[in-house]
Amino acid sequence: MSETDDAHWMRAALAQARAAQQAGEVPVGAVLVYGGQVIASGRNAPLPGKTP
C-alpha cells in the first residue's frame, strides 16, 4: 500500500468519524482494508444502540 492509498483510506475513516459527530457521538470512525478493498467500516454509535 502506498502513502496515497493510506491517505485515501484515512479520509474514508475520517468521513465515518464526521458522520458520528453529526449524530451527536464522539467522532470515532474506522475502515478495514484488505487487498485494496474495504471489507468493513463503521463509526461510534452507542446512543442509538443504547450500548454506552
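Structure first, text after, so check above.
Cut-offs applied
Residues numbered from 1 in each chain as written. Predicted model: local features only at pLDDT ≥ 70, side-chain atom pairs only at ≥ 80, totals over all residues. Heavy atoms only, no water. Helix = DSSP H or I, 4+ residues; strand = E, 2+ residues; numbered from the N terminus. Buried < 20%, exposed > 50% of the residue type's maximum accessible area, 1.4 Å probe, protein only. Polar contact = N/O pair within 3.5 Å; in protein donor to acceptor, adjacent residues only side chain to side chain. Contact = heavy atoms within 4.5 Å.

### Concerning the side chain of Q16
Okay, step 1: Here Q16 shows up in helix α1 (residues 3-22).
Okay, step 2: We classify Q16 as buried; its relative accessible area is 18%.
Okay, step 3: Only 3.4 Å separates the side chain of Q16 from the side chain of R43, close enough to count as a polar contact.
Okay, step 4: With near-sequence residues (within four places) excluded, Q16 lies in contact with V28, G29, A30, S41, G42 and R43.

### Let's talk about the environment of V31
Okay, step 1: Turning to its location among the elements, V31 is positioned in strand β1 (residues 29-34).
Okay, step 2: By relative accessible area, which is 22% here, V31 ends up partly exposed.
Okay, step 3: For the pair V31 and R11, spaced 20 residues apart in the sequence, the C-alpha separation amounts to 9.5 Å.

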